[in-house]
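What the coordinates show
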Amino acid sequence: MAERLQKVIANAGFCSRRKAEQMILNGQVTVNGKVVRELGTKVEGHEKIEVGGVPVEMESKVYFLLNKPKNMISAVSDDRDRAVVTDCFSGRDVSQRIYPVGRLDYDTSGALILTNDGEFANLMMHPSGEIEKVYVAKVRGHITNAEVFKLEKGVNIDGRLTAPAKARVLSYDRRSDTSMVRLVIHEGRYHQVKRMFENLGFAVRKLRRTHFSFLTVDDLAPGEWRRLSNNEVRQLRELALTENKEKTQ
Ligand code: URA
């Protein structure tokens, strides 16, 4: 897909997008040997781009599914030096600058996608196209189906109702006085699942994302990852675009 020249230069890690714009305007950027000064110029990705005579190496797009362990930050670095999800990829033949698509809390485990494709990441996280995510929560206390039904209809978080969801009690353990609940949501608001349960008066003790759309991490041990196939990436795009369209109609 064609992308703006300044974005391609920035995505290649050459410099910031703003700096790339400045260099284009200054006539320092060539595409296939010709100086380009137009900021709107689009490139496909196969052109020879040079900035000040230095070739811009374009990264190929990569997509991974990680089974995020708990006690790990969904980021590429942490100012408190805690483990981050990209640590799972270090020394493993992944040279691209990947980052997580959205976030799971430090203490949440499960399915997390990482990529270096900004457009794909935005599509996955777009509020109107958010694709289905399944969580299994262990909550303190005995929660009933009648109570979790309130989650389906929507609860108030920060003055706004959550979108329709699906919820079902899986089990109750009398000894530990905890309930397991399966919750399917489309949104990705900050601490959404924990706050939905808090709204009902139940604290989440453990949270796991079992599915990101049709993807599961059943075959991956915590900290393990695999590459998504081209077909999976295409299907995710199609799902997000379809849901975007349906919601705007
Ligand atoms: N909702 C939460 O509260 N935490 C997560 O990590 C994901 C969804």
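Because the structure is a prediction, the values reported are computed rather than measured. (Residues numbered from 1 in each chain as written. Predicted model: local features only at pLDDT ≥ 70, side-chain atom pairs only at ≥ 80, totals over all residues. Heavy atoms only, no water.)

What follows is about empty space enclosed by the protein. One water molecule sets the probe size; rolling that probe over the atoms shows where empty space is left. A full pass over the atoms with the stated rule returns 1 cavity of 30 Å³ or more. The calculated volume of the largest cavity comes to roughly 30 Å³. Lining the largest cavity, in full, are Asp107, Lys194, Val204, Arg205, Lys206 and Leu207. At 4 residues, strand β15 (residues 204-212) tops the list of elements feeding residues into the lining of the largest cavity. A per-class count over the lining of the largest cavity returns 2 nonpolar, no polar and 4 charged. (1 Å grid on protein atoms, 1.4 Å probe; cavity = no way out; pocket = protein on both sides within 12 Å on 5 of 7 lines; lining within 4 Å. Points joined across faces, edges and corners; volume = space filled by probe spheres on them. Helix = DSSP H or I, 4+ residues; strand = E, 2+ residues; numbered from the N terminus. Nonpolar A, V, L, I, M, F, W, Y, C, P; charged D, E, K, R; others polar.)

In the region of the ligand, the neighbouring residues are Leu104, Asp105, Thr108, Tyr135, His191, Gln192, Val193, Lys194 and Leu207. Measuring from an oxygen atom of the ligand, one finds a backbone N or O atom of Asp105 at 2.7 Å. In this structure, a nitrogen atom belonging to the ligand sits 3.0 Å away from a main-chain N or O atom of Val193. Here the ligand, which alone exposes 240 Å², has 96% of that area covered by the protein. Counting atoms within 2 Å of the grid points, the majority share of the ligand lands in the second largest pocket. Residue classes in the shell around the ligand are distributed as 4 nonpolar, 3 polar and 2 charged. Shared between two domains, the shell around the ligand holds at least three residues of each, these being domain 2 (63-127 + 218-248) and domain 3 (132-212). (Near = heavy atom within 4 Å. Polar contact = N/O pair within 3.5 Å; in protein donor to acceptor, adjacent residues only side chain to side chain. Areas by Shrake-Rupley, 256 points an atom, 1.4 Å probe, with all protein chains shown as cover. Sits in = over half its atoms within 2 Å of the grid points. Domains from an automatic or database assignment.)

As assigned here, the protein comprises domain 1 (3-55), domain 2 (63-127 + 218-248) and domain 3 (132-212). Each of domain 1 and domain 3 has a C-alpha centre, and these two points are 47 Å apart.

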